Amino acid sequence: MIRATQDNEYVELTSPTQLPKASGFLWNEKMMIHVNCRGYAVAQFMQPEPAKYSYAPNLEAKTFMQPEQPYYAHHPGRFLYVKDEETGEIFSAPYEPVRVLPDHYTFAVGKHNIVWKLEHLGIAVEMTLSLPKDEAMELWRVKVKNLSDRKRKLSIYPYFTVGYMSWMNQSAEYHEELQGMVCSAITPYQKYQDYAKIKQLKDKTFLLADQPPRAWEASQEAFEGEGGIGMPSAVQQEELSKGDARYEMPLCVLQYSLELAPGEDKLYRFIFGPAKTEEEIAQIRQQYFLNAASGGEDGFAAAEREYAGYIQEGKGCIEIKTPDPELDNFVNHWLPRQMYYHGQTNRLTTDPQTRNYLQDNMGMSYIKPQMARNAFLTALSQQNASGAMPDGIILHEAAELKYINQVPHMDHCVWLPICLSTYLDETNDYTILEEEVAFAGGEETATVYEHINRAMFWLMEATDERGLNYIDQGDWCDPMNMVGYKGKGVSGWLTMASAYAFMIWADICATSGRPEMSRKLAAAADEANVVINQYLWDGNWYARGITDDNVVFGISKDTEGRIFINPQGWALLCGAADASKQEKLMRAVKEQLETPYGLEKLAPSYTAMREDVGRVTQKHPGTAENGAVYNHAAAFYIYALYAVGEPDDAYRLLRKMIPGPDPEDLVRRGQLPVFIPNYYRGAYRQFPRTAGRSSHLFNTGTVPWVYRCLIDGLFGVQGNEAGIRIHPQLPAHWEEASVKRSFRGAELHVAMKREAGVTAVEVYVNGNRIEDGIIKDMEAGREYDILVKLPPQ
């Protein structure tokens, strides 16, 4: 049902019905498209705010992806109707909208393209989607082949949904000189002041073809007729009507008639996307389809090649071989790709949340460290002189803080040292601390070191009389918005995260020659840990927080929301939990939060509004922050397990993030192992029927933390100021593993093996034992052969 190709470039699904929401995604600097195995698609492009060119068939909110995206017959999609002109039989590719089960089917998600292959009625259809590197448009190849031993007479109908573009003005028609469909609209506006902005928008959607069609249709209603989308009346006729759309819902559908000899195939190419003017569309046609005719390079093929190179730039810094081949495939090919997408595009938003922006660029430290460096400086340039960080980072001069970024959250400062530490581990670039950066408003400048000092002192001061950090209208958990809106509620997790941030910054200060500040930060962490244990320890685990009305929650007496994962993991990270507390809280997590699909964020899930906690309790039990297997939070906990030396529990939970390889698990999750989703359904003990379902959301802060778990924990190839420390934490059932690690221009080949008689980790470089396991004075351009001997289990 699911397999990786031999070259590991694709993951293939061989059924359109067993995992109906299985999907893949492609992106570039201007757009992103998420497509599923049945042909449905969600796409957006930036102008500079997110916009659409393929809409739903009704007015919809300005959102991109929804958790557990609902699909329906008229959902936007990319399809091909195929009609046998001799028998009248009709089917569609990839599966929707006709829903005829093909004889053979493959949905192949690749790193730089997505391919559907199917065979039915002796006809093979192959559809390939790719993107250019820098432009908002889809590049499609459609190949039709006669597999039978007789001549075939066919009509094919490439069908691209456009949907309800605008209630104010929408139309569509075929342009012979462009050899394509052009759908036009005007984005609605009310205030005349908005017109200057509206008139710059790309309100046209086009479909260009490299070959002239026999006929076309531009009206959704005329195309479907009485047959509906599953069996359109227009397809049942000999020829499409060559109609237009006049304030009718537009679509782009072309008709080609072809005769194929036995074994013969025919290739068609199409471009689908947004544009501002017909002149722009004409230029696209010239560049991609016509330049080759005059002796230039084929623009279509060049764009595909350039895009493949763009994706290759996002390769990770480790390549692994372990007893778990599915893990190897995911880590070597798919995990860095997802991490690269986040850091390269900032999730296609102009005002990413500060915590997301910093963590996504923590991940870029492993791929493009210079980009991460620039991002840290950008974020600090928007810090207030008080030390407070904004709720979002403005990335475009016309952007503004929107949606959740208009709600005050108190956690953004903690991510500065935590994320910067990864950059420093990878690069040893402590010169960044001396960079002069202006504060917001530009009236004052200071070094990065001073900026982060102020952030740490701001956290120390943003506490109540007990020393616990205020939560205001949220911390890392966005919808926990009513714990502290009156100005008194506090966050247990944020207090722990602050203590951990103090520890990290103390280490950085010590390394960079600032011992006095290091001692001050370490003392602040110790003081926070005393307070944490005084007010938040509940006997077997830590509370989540204390409300405005002084009610402690996330404790044993609560019937819902009794235990939260974040306080447990971060109590391990910040050192609040001693050995006894560690044992108790880890037992509580295993008994109450662990499921076959990973760790739930909280349990039991809330089933009704709790007004002193907030809208998190209104989310459906087991979804999102209300008790889902929320992978970002799970990654924090896994990282903490490695930090305290619990490799078996850490690996078991890490492995649960990746679907499969068991077929039953894959079907239950409904997702291909090509990305880690934001969440899997939780509430496992309350609602087991739906537990495990993937959200299919690939926007998630999980991935850089999983990469840190691999580098700092599982394989133990973490950089430091001296070089790189080799200290793997393999699970007990692994006898060996190997890692190829790129690090500061050098190439490390690390072989890890358990050997009888070994009592502690032994590290050998080119045959010489390194007593402390730290390889120093490494040279860029050199290769190092490293043997790590591990004790037997």
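Since this is a predicted model, take the numbers as computed values, not measurements.

Draft legend 1. Spotlight on the overall build of the chain. Counting secondary structure elements, the chain contains 18 helices and 40 strands. Relative to the 2.2 N^0.38 estimate, which gives 28 Å for 793 residues, the radius of gyration of the chain is 28 Å and therefore close to what a compact globule would have. A buried classification covers 61% of the 793 residues belonging to the chain. Within the chain, residue pairs in contact and separated by at least 24 positions form 67% of the contacts whose partners lie at least 6 positions apart. Accessible surface computed for the chain: about 29,500 Å², of which carbon and sulfur atoms make up 47%.

Draft legend 2. Spatial organisation of the pattern of salt bridges. This model, assessed by the stated rule, comprises 51 salt bridges. A salt bridge links R269 to D210, with the nearest nitrogen and oxygen atoms 3.3 Å apart. Note that R269 is positioned in strand β20 (residues 265-275) and D210 in the loop between β16 (204-209) and β17 (215-219), a separation of 59 residues in sequence. Looking at D210, the relative accessible area reads 23%, which means it is partly exposed.

Draft legend 3. Molecular detail of the pairing of strand β12 (residues 138-146). Pairing geometry for strand β11 (residues 123-130) and β12, over eight bridges, is antiparallel. Paired with T128 across the bridge in β12 is R141. As defined by bridge partners, β12 adjoins β20 across eight bridges and the pair is classed as antiparallel. Note on β20: the bridge partner recorded for K143 is L267.

Draft legend 4. Focus on the environment of L26. The residue L26 is located in strand β3 (residues 23-27) in this model. Overall, the relative accessible area of 0% leaves L26 in the buried class. Residues L26 and A543, spaced 517 residues apart in sequence, show a C-alpha to C-alpha distance of 41 Å.

Draft legend 5. Local environment of the sheet that holds strand β7 (residues 78-84). As summarised here, the arrangement of the five strands in space is β8-β7-β13-β19-β17, forming an open sheet in which the pairing is antiparallel. Strand pairing shows two members of the sheet lacking a second neighbour, β8 (90-93) and β17, which therefore form its edges. Direction aside, neighbouring strands of the sheet carry axes that sit 20° apart on average. Looking at chain direction, β17 and strand β19 (residues 250-260) are connected through four bridges and run antiparallel.

Draft legend 6. Summary view of the pairing of strand β5 (residues 41-46). Counting buried positions along β5 yields six of six residues, so the element is predominantly enclosed. Neither face of β5 is left uncovered, since the one carrying A41, A43 and F45 and the one carrying V42, Q44 and M46 both have all their residues buried. The pairing of strand β4 (residues 31-36) with β5 spans five bridges and is antiparallel. Counted as the bridge partner of H34 is V42 from β5. Once β4 ends, the chain turns through four residues before running back antiparallel as β5, passing G39 with a positive phi of about 105°. Taken together, the two bridges between β5 and strand β6 (residues 50-51) define a ladder with antiparallel strand orientation. Looking across to β6, one finds that M46 is bridged to P50. Hairpin geometry of β5 and β6 is characterised by an intervening segment of three residues between the two adjacent antiparallel strands.

Draft legend 7. Main features of the packing of aromatic side chains. Using the criterion set out here, one finds 48 aromatic pairs in the structure. Between the aromatic rings of F25 and F675, the centroid separation amounts to 6.0 Å while the plane-to-plane angle is 70°, which identifies the pairing as edge-to-face. Placement of F25 in strand β3 and of F675 in the loop between α17 (663-669) and β32 (679-680) is noted, with a sequence separation of 650 residues between them. With a relative accessible area of 2%, F25 lands in the buried category. By relative accessible area, which is 0% here, F675 ends up buried. Between W493 and W570, the aromatic rings sit 5.6 Å apart at their centres with planes inclined by 85°, giving edge-to-face as the arrangement. Taken together, the residues W493 in helix α11 (residues 492-511) and W570 in helix α13 (residues 565-574) connect sequence positions 77 residues apart. The two residues W493 and W570 agree in class, both being buried. Clustering of aromatic rings is evident, with ring pairs tying together F45, Y53, F107, W116, W140, F160, Y256, Y268, F270 and F272.

Draft legend 8. Looking closely at helix α18 (residues 702-714). Counting buried residues along α18, 13 of its 13 residues qualify, which places the element largely inside the surrounding structure. G716 lies just past α18 and shows a positive phi near 55°.

Draft legend 9. Focus on the sheet that holds β6. The strand order across the open sheet built from four strands is β3-β4-β5-β6, with neighbouring strands paired in antiparallel fashion. A strand with exactly one partner marks an edge of an open sheet, and here the two such strands are β3 and β6. Each of β3 and β4 is contacted by helix α6 (residues 325-345), which is oriented at about 40° to β3, the strand it contacts most.

Draft legend 10. Quick peek at the packing of helix α7 (residues 354-364) against helix α9 (residues 415-427). α9 packs onto α7 with a crossing angle of 15° between their chain directions and a minimal axis gap of 8 Å. Between α7 and α9, the angle is such that the two are roughly parallel. Taken as a pair, α7 and α9 cross one another with a handedness that is left-handed. Where α7 abuts α9, its residues R355, L358, Q359 and M362 lie against W415, L416, I418, C419 and T422. A class-by-class count of the residues in the contact of α7 with α9 yields six nonpolar, two polar and one charged.

Rules behind the numbers
- Residues numbered from 1 in each chain as written.
- Predicted model: local features only at pLDDT ≥ 70, side-chain atom pairs only at ≥ 80, totals over all residues.
- Heavy atoms only, no water.
- Helix = DSSP H or I, 4+ residues; strand = E, 2+ residues; numbered from the N terminus.
- Rg over C-alpha atoms; globule rule 2.2 N^0.38 Å.
- Buried < 20%, exposed > 50% of the residue type's maximum accessible area, 1.4 Å probe, protein only.
- Contact = heavy atoms within 4.5 Å.
- Areas by Shrake-Rupley, 256 points an atom, 1.4 Å probe, with all protein chains shown as cover.
- Salt bridge = Lys/Arg side-chain N within 4 Å of Asp/Glu carboxyl O.
- Pairing = 2+ DSSP bridges.
- Axes fitted to C-alpha atoms, helices over the stretch in contact; angles between N-to-C directions.
- Phe/Tyr/Trp six-rings, centres within 6.5 Å; stacked < 30°, edge-to-face > 60°.
- Parallel < 35°, antiparallel > 145°, perpendicular 65-115°, else oblique.
- Left-handed = near helix turned anticlockwise from the far one by under 90°.
- Nonpolar A, V, L, I, M, F, W, Y, C, P; charged D, E, K, R; others polar.

Function-wise, these values are silent; they only describe arrangement.
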